[in-house]
Amino acid sequence: MTLRIAYAGIIQLIAQFATLITGLIFVTIVTRNLPVDEFGLWQTLGSSVGLLLIPLAPLNYWTLRYSARGQDVARTSLLAGIIAVPIFVIAYLLLALTAASSIETILIFVLIYSVQIPALCIWEVVKPVARSYKPEYLGYATIALEIGKVAGAYYTITVLKLGLIGAIVSLALGQFLQLAIVIYIIRPKLKGSFEISTIKKWYKAAWIPISNISVSRLSISDSILVAIILGSTTVVGIFQASRVFTLIVRYSEIFLRVLYPKLIRDNRNEDITLTFRLQSFVVVPLSVGALMLAGPLLGILGEQYANASLVLRILTIVAVIEGIEFFMWNILTGLEKIDEDINNLQFKKLRNSWLVRLPLIDLVKYAVYFPILGIIMYTSKGMENELTLSMYWALTLLLITVPVTIYKIILAKRAMSFELPTLSILRYIFAGIVMSLFLYFYQELIPLTGTSVVSIILYIIPPGFISVLIYSVIVLCIDSFIRKSTIDAIKGITGKN
């Protein structure tokens, strides 16, 4: 079972990297064909719809926890998600039309964005089933998402010149393809009858998942706050462009998809240590690459983003810290057993559990973060330098995230005694330092001169490949655990014993 964490996680990680190129192509098509403010608007719309879908949180949350325990809730959850589609589409359209007087110039984009709602609603309920059943296949679904949205973006944006409308439609196409594959994968779990009583019990304890998901949605809703205060989405566009590459850094969290349902079932501290070691092994080269190649990476998206390298570097550090914070969240909620009885989810019983305490901690975090961010943006709104505002935003997020992460590490260590693989982490950091030195001298000896997408990618690929090879060889030489895990994973993929 311990091997399953490495195997399933590596399968998904390979799929994530396989789709990295297509994802980059998609973002490049979008950013190079949209003004910065329209790119920012697109990101803001995504955050807004994320807030709209919060009422689906109980379906997503309880489906994962009860599926992980082997209960047949997939059919009930899927049908509930399908029923929710027209409700959410109508709610979204009513909100959009109500706001028409103040956002008339962007109303068409707001309305067209509703095409994504059906896929997003159903995805909320089928993804947790896949996570508990066959998590490795989520990687294949990601490939379908990337291929669909790139093909759609090329046709709607490059050929038809539909701009932001094309970006919205192409992303919806990829989402529907992803959804179709996941539903096909989980079809053996879609048995039994639709249990309305189960839905009622889940929603009686809805305050737990809603508080959890509200925190998650708040973490990406800062763009809405900034756009409202500044009266512009340009700063949002610059900030979110940098966030595109920090999402790559968070690929390292892929192993948590496997760890979380395993913790719900087994409570094994060795699984925690194994997953932390694997996550650390992956996050080091990803973060080093983002830190050292920040300028060229942003240049791929367009010349208007190339100067935001400091913003990307700060957000890369934030991404690493948030990855650790999310790891601690998975430990604390995965170990929690108080919700095992679906008939006994009363507030009195659950209020002192991690299912409740963690969201409260995070709500306090954002209760501090949002006012500080709002004050900084408001007092600086007369500043014409959008890059400086974006940097203030990134620094604010960093300063808020660090103490909360440290506190969660302390809580997780109290909840279960587990070993942090300190020696292995130091080995990975050593290999990462060697990797960063190579990338530094490469850029010093061979400066970037071109600004086209092709010239920048050709500039990045050779050192990127060589630096990762350097990192991998060093780690394989000095870390026996990674050597053994790599051999076991290859055996698992090839089917050899």
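Going by the structure above, here's the rest.
One structure accompanies this document, and this report is about it. (Residues numbered from 1 in each chain as written. Predicted model: local features only at pLDDT ≥ 70, side-chain atom pairs only at ≥ 80, totals over all residues. Heavy atoms only, no water.)

Let us look at the side chain of lysine 149. You can see lysine 149 is positioned in helix α8 (residues 138-159). Overall, lysine 149 belongs to the buried group, its relative accessible area being 11%. When residues no more than four places from it in sequence are discounted, the contact partners of lysine 149 are Phe26, Ser170, Leu171 and Gly174. (Helix = DSSP H or I, 4+ residues; strand = E, 2+ residues; numbered from the N terminus. Buried < 20%, exposed > 50% of the residue type's maximum accessible area, 1.4 Å probe, protein only. Contact = heavy atoms within 4.5 Å.)

On to the side chain of threonine 396. Along the polypeptide, threonine 396 turns up in helix α20 (residues 386-415). Residue threonine 396 is classed as buried on the basis of its relative accessible area, which comes to 6%. In contact with threonine 396, not counting residues within four places along its chain, are Tyr369, Ile372, Leu373 and Ile376.

It is worth spelling out the nonpolar core at this point. Counting 124 residues, the largest nonpolar core has Trp42, Val126 and Trp393 as the members making the most contacts within it. If you tally residues by element for this core, the top one is helix α7 (residues 117-133), at 10 residues. Ignoring sequence-local partners within four residues, the contact set of tryptophan 393 consists of Asp222, Ser223, Val226, Val235, Val236, Phe239, Tyr369, Leu373 and Met377. Ile272, Phe276, Trp329 and Ile331 belong to the second largest nonpolar core, which has 23 residues in total. (Core = buried A, V, L, I, M, F, W, Y, C linked by side-chain atoms within 4.5 Å.)

Moving on, we come to the pattern of salt bridges. Applying the stated rule across the entire model yields seven salt bridges. Between arginine 250 and glutamate 322 there is a salt bridge, and its shortest N-O distance comes to 3.0 Å. Of this pair, arginine 250 sits in the loop between α13 (234-249) and α14 (256-266) while glutamate 322 sits in helix α17 (residues 309-335), and the two are 72 residues apart along the sequence. Assessed through its relative accessible area of 26%, arginine 250 is described here as partly exposed. With relative accessibility at 17%, the residue glutamate 322 sits in the buried group. Of the charged contacts in the structure, one is a salt bridge between aspartate 479 and arginine 427, with a shortest N-O distance of 3.2 Å. Placement of aspartate 479 in the loop between α22 (453-478) and α23 (480-494) and of arginine 427 in helix α21 (residues 422-445) is noted, with a sequence separation of 52 residues between them. Judged by relative accessible area, aspartate 479 falls into the buried class, the value being 1%. (Salt bridge = Lys/Arg side-chain N within 4 Å of Asp/Glu carboxyl O.)

The next thing to look at is helix α11 (residues 207-218). In this model, α11 (12 residues) spans 16 Å end to end at C-alpha, consistent with the 16 Å of a helix rising 1.5 Å per residue. Within α11, the full set of buried residues consists of Ile208, Pro209, Ser211, Asn212, Ile213, Ser214, Val215 and Arg217. Packing partners of the buried residues in α11 comprise α3 (36-52), α4 (57-68), α7, α17, α18 (347-350) and α19 (354-380). (Expected span 1.5 Å × (residues − 1).)

Turning next to a nonpolar patch on the surface. Taken together, the side chains of Leu423, Leu426, Ile429, Ile433, Leu437, Tyr440, Phe441, Leu445 and Ile446 define a hydrophobic patch exposed on the protein surface, amounting to about 910 Å² of accessible area. Along the chain, isoleucine 433 falls in helix α21. With a relative accessible area of 46%, isoleucine 433 lands in the partly exposed category. (Patch = residues over 30% accessible without salt bridge, like charges linked within 9 Å, V, L, I, M, F, W, Y side chains within 5 Å. Areas by Shrake-Rupley, 256 points an atom, 1.4 Å probe, with all protein chains shown as cover.)

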